[in-house]
Amino acid sequence: MSNIKSVCVYCGSSPGNDLAYAEAGEQLGAALAAAGMKLIYGGGTTGIMGAVSRGVLENGGEVGAIIPSFLVGRETTKAALTMFTDVTVTETMHERKHQMFERSDAFVALPGGIGTIEEIVEIMTWSQLGQHRKPMVFANVKGFWNPMIAMLDHVGSAGFIHTASLMRPLVVDRVDDIIPTIVNAIVKDDEGNPSVMAKM
Ligand code: AMP
């Protein structure tokens, strides 16, 4: 039995131009439901965000949606929000991101755009600064994240990554491997509970 109760998924509000991205989203959603892990995400019903939440809900899983009020009507509808297990409407993007961080035991980045990149990079910066030890996974669907991984390698080899052991995102090619990778990576404290270190 894993200690991971909830997983935050960052991903595109657009579908991208390869069906494999949305398929990966639905597959990850189904896997979270099967594992009894709650999806924490930004509440969007479009693009890959919609695919992940659909995958969870269609398989009887739980979804915690966190969305700023100004995005209701843009990334989701009021009616769609009633499908979720719980919904938190925040004032700001910052509040949304903070709640997504606090309420999740691990983070996964599926393919996405600028918002997705910003969110996973912020989680990596907090890890590097020792603010958490929660697993961070790049779901490398069809090599989508290769340029990001090359960038991180470049930054590291140029000597700009300090405390490299704390800033270690995992890279997973197959969606089916995401949850087992997270479960294996979790750092436990002396009582066997997930060790998250200081909260932001
Ligand atoms: P995108 O990957 O750009 O489609 O955005 C995916 C999700 O990230 C959407 O829910 C956006 O609202 C959100 N997002 C967009 N910009 C930001 C940002 N600067 N910080 C955090 N999340 C963002």
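In the block above lies the structure referred to throughout.
In this text, all values refer to a predicted model and were calculated from it rather than measured experimentally. (Residues numbered from 1 in each chain as written. Predicted model: local features only at pLDDT ≥ 70, side-chain atom pairs only at ≥ 80, totals over all residues. Heavy atoms only, no water.)

**Structural notes on the environment of phenylalanine 160**
Looking at where phenylalanine 160 falls in the secondary structure, it is placed in the loop between α6 (146-157) and β7 (170-172). Looking at phenylalanine 160, the relative accessible area reads 64%, which means it is exposed. Along the sequence, phenylalanine 160 and aspartate 173 sit 13 residues apart, while their C-alpha atoms lie 26 Å from each other. The residues touching phenylalanine 160, leaving out its near neighbours within four places in the chain, are Gln128 and Val155. (Helix = DSSP H or I, 4+ residues; strand = E, 2+ residues; numbered from the N terminus. Buried < 20%, exposed > 50% of the residue type's maximum accessible area, 1.4 Å probe, protein only. Contact = heavy atoms within 4.5 Å.)

**Let's talk about the packing of helix α1 (residues 19-35) against helix α2 (residues 47-57)**
Orientation of α1 relative to α2, taken along the N-to-C sense of each, is 30°, at an axis distance of 6 Å. In terms of their interaxial angle, α1 and α2 are classed as roughly parallel. Of the two elements, α1 crosses α2, and the hand of that crossing is right-handed. Contacts between α1 and α2 pair Tyr21, Ala22, Gly25, Glu26, Gly29, Ala30 and Ala33 from the former with Ile48, Ala51, Val52, Arg54, Gly55 and Val56 from the latter. Tallied by class, residues from the contact of α1 with α2 come to eight nonpolar, three polar and two charged. (Axes fitted to C-alpha atoms, helices over the stretch in contact; angles between N-to-C directions. Parallel < 35°, antiparallel > 145°, perpendicular 65-115°, else oblique. Left-handed = near helix turned anticlockwise from the far one by under 90°. Nonpolar A, V, L, I, M, F, W, Y, C, P; charged D, E, K, R; others polar.)

**Notes on the pattern of salt bridges**
All told, the structure shown has nine salt bridges when counted by the stated rule. Residues glutamate 75 and arginine 96 are paired through a salt bridge, measuring 3.4 Å at the closest nitrogen-oxygen approach. Taken together, the residues span a long stretch of sequence, with glutamate 75 in the loop between β3 (63-68) and α3 (78-81) and arginine 96 in helix α4 (residues 93-102) at a distance of 21 residues. Across the salt bridge formed by glutamate 122 and lysine 97, the nearest N and O atoms sit 3.2 Å from each other. On the criterion of sequence distance, the pair formed by glutamate 122 in helix α5 (residues 114-128) and lysine 97 in helix α4 is long-range, its members being 25 residues apart. The structure contains a network of salt bridges with shared partners spanning Lys38, Asp86 and Arg103. (Salt bridge = Lys/Arg side-chain N within 4 Å of Asp/Glu carboxyl O.)

**A few points about α2**
The element α2 is extensively covered by neighbouring structure, given that eight of its eleven residues are classed as buried. Turning to α2, its buried residues are Ile48, Met49, Gly50, Ala51, Val52, Ser53, Gly55 and Val56. Here the buried face of α2 lies against β1 (6-10), α1, β2 (38-41), β3 and α4.

**So, the site of the ligand**
Ser13, Glu75, Gly113, Thr116 and Glu118 are the nearest of the 16 residues found near the ligand. One of the side-chain N or O atoms of glutamate 75 is found 2.7 Å from an oxygen atom in the ligand. Between a nitrogen atom of the ligand and a side-chain N or O atom of glutamate 118, the distance comes to 2.8 Å. For the ligand, the accessible surface in isolation is 490 Å², of which the surrounding protein chains cover 78%. Of all the secondary structure elements, the ones that give two or more residues to the shell around the ligand are α4 and α5. (Near = heavy atom within 4 Å. Polar contact = N/O pair within 3.5 Å; in protein donor to acceptor, adjacent residues only side chain to side chain. Areas by Shrake-Rupley, 256 points an atom, 1.4 Å probe, with all protein chains shown as cover.)

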